[in-house]
Each structure stands twice: as structure tokens, then as C-alpha cells.
Amino acid sequence: MDHFLYRDGALYAEDVPVAEIAAAVGTPFYVYSTATLLRHYRLFDEALDGVPHLVCYAMKAAGNLAILKTLAEAGAGMDVVSQGEYLRARAAGVPGEKIVFSGVGKTAEEMRTALTGGIRQFNVESEPEMELLNAVALSLGTVAPITIRVNPDVDAKTHAKIATGKSENKFGIPISRARAVYAHAARLPGLKVVGIDVHIGSQLTDLAPFEQAYAKVAELTEALRADGHGIDRLDLGGGLGIPYTRSNVAPPLPTDYGAMIKRTLGHLGCEIEIEPGRLIAGNAGLLVSSVIFVKSGEGRDFLILDAAMNDLIRPAMYDAHHDIIPVVEPAPGTEQRPYDVVGPVCETGDTFARGRDLPPVKSGDLVAFRSAGAYGAAMASEYNARPLVPEVLVKGDQFAVIRRRPTFDEMINRDSLPSWL
Ligand SMILES: *Cc1c(COP(=O)(O)O)cnc(C)c1O
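Because the structure is predicted, anything quoted here is derived from the model rather than measured. The residue count restarts for each chain, going from 1 along the sequence in the order it is written. pLDDT decides what is reported in this predicted model: residues at 70 or higher carry local features, side-chain atom pairs at 80 or more are listed and counted, and totals for whole chains, interfaces and linings draw on all residues regardless. Neither water nor hydrogens contribute to the side-chain values; these are computed over all heavy atoms in the structure.

Description of the environment of Glu-127
No. 1: By definition, any uninterrupted DSSP run of H or I lasting at least four residues is a helix, any uninterrupted run of E lasting at least two residues is a strand, and each is numbered from the N terminus. One can find Glu-127 in helix H6 (residues 127–139).
No. 2: A simple rule labels every residue: compare its accessible area, found with a 1.4 Å probe on the protein chains alone, to the largest value its type can have, and call it buried under 20%, exposed over 50%, or partly exposed in between. According to the relative accessible area criterion, Glu-127 is partly exposed, its value standing at 21%.
No. 3: Through-space distance from the C-alpha of Glu-127 to that of Tyr-182 is 9.6 Å; in sequence the pair is 55 residues apart.
No. 4: Residue contacts are defined here by distance: any two heavy atoms, one from each residue, within 4.5 Å place the two residues in contact. Other than its neighbours up to four places away in sequence, Glu-127 contacts Arg-177, Val-181 and His-184.
No. 5: What qualifies as a polar contact is a pair of N or O atoms within 3.5 Å, subject to a donor-acceptor requirement within protein and to the restriction that residues adjacent in sequence count only when both atoms come from side chains. Within the local environment of Glu-127, its side chain forms a polar contact with the side chain of His-184, the two groups lying 2.7 Å apart.

A word on the environment of Arg-278
No. 1: Here Arg-278 shows up in helix H10 (residues 278–281).
No. 2: What makes Arg-278 buried here is its relative accessible area of 3%.
No. 3: When the C-alpha atoms of Arg-278 and Pro-315 are compared, they prove to be 15 Å apart, with 37 residues separating the residues in sequence.
No. 4: Look past the residues within four positions of Arg-278 in its chain and what remains in contact with it is Ala-61, Ile-162, Ser-202, Gln-203, Ile-242, Tyr-244, Asn-283, Arg-314, Ala-374 and Tyr-375.
No. 5: Here the side chain of Arg-278 touches Ser-202 through a polar contact of 2.8 Å, side chain to side chain.

Some words on the UniProt feature "binding site: pyridoxal 5'-phosphate" (unreviewed entry) in the chain
No. 1: Sites flagged by UniProt as "binding site: pyridoxal 5'-phosphate" (unreviewed entry) map to Gly-239, Glu-275, Pro-276, Gly-277, Arg-278 and Tyr-375.
No. 2: Residue position: Glu-275 is located in the loop between strand E13 (271–274) and H10.
No. 3: Glu-275 sits in the buried class, given a relative accessible area of 5%.
No. 4: Discounting chain neighbours no more than four positions away, the residues touching Glu-275 are Cys-56, Ala-58, Asp-79, Val-100, Ser-102, Asn-123, Asp-197, Asp-235, Gly-237 and Gly-238.
No. 5: One polar contact links Glu-275 to Asn-123, side chain to side chain, over a distance of 3.3 Å.
No. 6: A polar side-chain atom of Arg-278 sits 2.7 Å from a polar atom in the side chain of Tyr-244. UniProt positions are given in the numbering used here, feature names are shortened, and annotations may be inferred rather than shown by experiment.

Regarding the pairing of strand E6 (residues 77–80)
No. 1: Neither face of E6 is left uncovered, since the one carrying Gly-77 and Asp-79 and the one carrying Met-78 and Val-80 both have all their residues buried.
No. 2: By the bridge criterion, three bridges tie strand E5 (residues 53–58) to E6 in an arrangement that is parallel. The partner of Ala-58 across the bridge, within E6, is Asp-79.
No. 3: If DSSP finds at least two bridges between two strands, the strands pair. In this sheet, strand E7 (residues 99–101) lies alongside E6 in parallel orientation, the contact comprising three bridges. Looking at the pairing, Met-78 lines up with Ile-99 of E7.
No. 4: A crossover gets the label right-handed when its path from the first strand over the helix to the second runs clockwise, viewed with the strands pointing away from the viewer. The handedness of the E6 to E7 crossover, carried by helix H4 (residues 83–91), is right-handed.

Focus on the state of the cysteines
No. 1: Criterion for a disulfide: a pair of cysteine sulfur atoms at a distance within 2.5 Å. Applying the stated criterion across every chain yields a total of zero disulfides.
No. 2: With no disulfide partner, Cys-270 has as its closest neighbouring cysteine sulfur the one in Cys-56, 15 Å distant.
No. 3: Look at Cys-270 and you get buried, because its relative accessible area is 5%.

Thoughts on the site of the ligand
No. 1: What makes a residue near a molecule or strand is one non-hydrogen atom of that residue sitting within 4 Å of it. Within the structure, the ligand sits among 15 residues, and Lys-60, Ser-202, Glu-275, Arg-278 and Tyr-375 are positioned closest to it.
No. 2: Take Asp-79: an N or O atom from its side chain is 3.3 Å from a nitrogen atom of the ligand.
No. 3: Ser-202 is positioned with one of its side-chain polar atoms (N or O) 2.3 Å from an oxygen atom of the ligand.
No. 4: Per-residue and other accessible areas were derived by the Shrake-Rupley procedure at a 1.4 Å probe size, with only the shown protein chains allowed to occlude residues. Across the complex, the protein chains shield 93% of the 390 Å² of accessible surface that the ligand would expose by itself.
No. 5: By the convention adopted, Pro, Cys, Tyr, Trp, Phe, Met, Ile, Leu, Val and Ala count as nonpolar, Lys, Arg, Asp and Glu as charged, and the other residues, Gly among them, as polar. In terms of residue class, the shell around the ligand is built from three nonpolar, seven polar and five charged.

This is the structure in C-alpha cells:
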């Protein structure tokens with residue numbers, strides 16, 4: 001559920017007409033709904049009611065400070081994957097003890113920043129990382145709290161580029177080696193083992209792979225405890241999928257996910273951490289764009305938008321589907337016709353949809369990509385020297401620009417010329 005609905009024939013973001021934002025900031029732009037962000041965060045929080053838990057928002061999905069602060073004020077922790085994300089989370093007011101640090105390639109500098117600034121735990125992904133973190137912690141005279149990310153060798157049944165829990169993926173240590181690796185960690189005085197971490201992929205639409213992975217984590221918890229390790233915390237990762245179309249069967253709800261977690265792991269008495277990203281931000285954001293031209297081709301019509309693959313890469317990168325809707329609600333019974341929806345970037349991959357049925361549109365009309373809040377602005381680039389898209393946050397009847405569009409001068413002046421030129 002989200003808060004982008006038609007009202008009196010016009011698309012609204014909560015209580016603000018989307019066309020009004022477009023007039024104020026120009027297109028393309030991203031717009032997020034505070035109410036939707038909070039609703040999704042709370043669904044997870046409530047789903048884990050009755051067990052000690054922390055919902056750590058995976059901020060790589062959408063990392064604008066205003067989004068982070070909105071969620072942090074509701075009680076969310078953060079899952080970060082780089083020094084930049086760590087510093088963003090801190091800048092948004094998230095205390096270190098609510099930040100978990102994930103990622104396969106943390107550098108010594110990143111470790112130092114988090115250890116001095118405060119951190120809940122590092123989710124360590126390899127033995128070399130363990131050794132480096134141990135050395136960095138000792139050099140600072142401190143001890144780093146860690147979980148070790150295990151790779152459960154489970155097929156997440158999602159797009160290959162976002163599956164992370166099979167043995168051929170780069171993530172975590174093979175679960176079969178976990179006992180040896182935990183023994184290694186216990187010998188390093190700069191580390192303190194606090195739990196286990198697992199994350200098997202993104203946009204999962206079935207609970208079965210999660211349950212398989214979590215059952216393996218439950219078994220491992222018992223084995224590691226028997227070996228003498230203090231396993232008090234289970235970080236279960238993110239990955240629950242969202243409905244990208246209204247016609248498809250909806251993925252499981254956070255409530256079902258929470259119930260499954262309690263059923264599979266509740267008896268262990270551990271604190272549970274989850275790291276949802278997409279499900280919190282995905283349906284809380286739209287990408288709004290204008291039609292530049294409608295161009296008739298051979299046997300097809302192209303809808304050429306002012307948004308492109310650099311603004312929303314998911315269709316080009318993951319063959320992802322986004323519903324595209326007009327900002328002016330079509331009259332009931334309006335006949336639809338198929339369009340190839342494309343951007344202006346000079347690549348054939350800059351195609352959002354092929355043969356998509358839409359009500360007739362013309363140059364200057366506004367359209368919105370639904371479910372664009374996660375991995376949208378976060379993955380945007382300036383390819384083709386197109387300025388990064390601005391971001392807007394709506395709350396009730398208010399809206400604010402939370403990242404403005406850079407000027408062309410700002411973009412150009414980031415480059416510098418060598419003295420010999
Ligand atoms: C990307 C990622 C997440 C979030 O995944 P979603 O599918 O957006 O919920 C959580 N944890 C880790 C370690 C990740 O890499």
C-alpha cells in the first residue's frame with residue numbers, strides 16, 4: 001500500500017498534487033511519501049513484536065538524509081555498506097549503536113571511522129577481513145563487535161544479479177566452514193563475537209528460501225553455542241520483495257515474514273535484526289517525468305521521456321518492470337494503446353518498457369513511474385551529462401526539495417584541467 005492515489009482526476013502524493021511539485025521543481029524528479037515510508041517501517045517493527053529486535057533500514061536502497069532522519073526518528077537502525085553511508089547515517093542523527101556495517105570489502109579506513117564513531121556490529125564476510133578488523137581495533141585500543149556473515153547456499157529464486165546466498169556468490173563464508181571461522185575469530189583479542197549474519201538476496205517473492213536459510217542459522221546457533229561462542233544476536237538481512245505490478249500475485253507481507261522468523265528462530269532467545277531496504281522505500285517513491293515527443297516508428301510508437309536510464313537504471317540493469325501511469329487520470333473507458341517507453345540517452349538499453357499499454361499521451365504530459373523509491377535515485381548517474389534528478393519529500397500537505405538539481409556549472413566545475421593543458 002502507498003500514498004500515491006488519484007483524487008478528482010489528478011495524481012496526488014499524500015495531499016499534494018504531483019503536478020504542483022512538477023511545476024515547482026521541473027521534471028524529472030523523485031518524490032517520496034513520508035506516510036508510506038513510516039507505514040512500511042512500522043509493519044516490520046510490529047511483525048517482530050514480542051521478540052527483542054531492531055529494524056536496520058538498508059540505506060543503499062534510498063539514502064537521502066531526509067529519508068534516513070524520517071526513519072531514524074521512528075526508531076529505525078541502519079545497515080550501511082560503506083564509509084559514505086556510515087557518515088550519512090550519522091549526519092541524519094542515527095547513533096552508532098544502531099548502525100550495522102555490511103559489505104565484502106571494508107577498508108581499514110572504513111573500519112577506523114566506524115570504530116571511533118560508534119558501531120553496533122560489523123558483519124564480517126571473510127577471514128582476511130577478520131584479521132584486518134582485529135588489527136585496526138587493537139591499534140585503537142578497542143574491541144570490535146562482530147557477526148560473521150554465513151553463506152547458506154540457498155537459491156533465493158530472484159534475479160541473478162541480486163541473488164547473494166548461493167555458494168558461487170561472493171558474499172559471506174560457506175556455512176560448512178562456519179565453526180572453524182568462528183574458532184578463528186575467538187582467538188583474535190580485538191574481536192568480540194556477538195552473533196550470526198545472513199542475507200540471501202533481494203526482491204524475494206517467496207518465504208521458502210528465507211525459511212531454509214534461517215533454519216540453517218538456527219542449527220548453526222546451537223552448534224556455535226556448544227562450541228562456547230556467545231551467539232546473542234541474529235542479523236537476518238533484508239530482501240523481502242515488493243509488488244511491482246498490481247496484476248501479479250503479491251509477495252508475502254512483513255507480518256508473514258515476522259511470523260516465520262519467530263517460528264524458525266524464536267526459541268533461541270536471540271535479539272533479531274533485519275535489514276529491509278526495498279520494502280521500506282520501494283513503493284514510497286515515484287519518478288515523475290515529462291513526455292518530450294511521441295514518435296511514430298515502424299509498427300510502433302515511441303514515447304520519449306525526459307527521464308532516462310541514468311535516472312532509473314532498474315529496467316536496463318535487471319529487466320525490471322515499473323508501472324507507468326499518467327499524472328492526469330484517464331477518463332473511464334479511455335482506450336489504451338501500446339508504446340515503447342524510452343529516454344533520451346544514446347543507448348538502445350535506455351528503454352523503460354516495450355509495447356506498454358497506456359492511455360493516449362502527448363508532448364508535455366506528465367507520467368509517473370511507480371515503485372521507484374528503492375534503487376532509483378540511489379543508483380542514478382550523470383551519464384550523458386544529465387544532472388542528477390532532484391528528490392522531494394512529501395508529508396501530508398507539505399513538500400520540500402530534499403536534494404536539489406545541480407546546476408550545469410556545478411556539474412562542469414567538478415572537473416579540473418591539468419596545468420599542462
Ligand atoms: C542490499 C542489502 C539489503 C537490503 O536488501 P533489500 O532487498 O533492499 O531489502 C540488506 N542487507 C544487505 C547486506 C544488503 O546487501
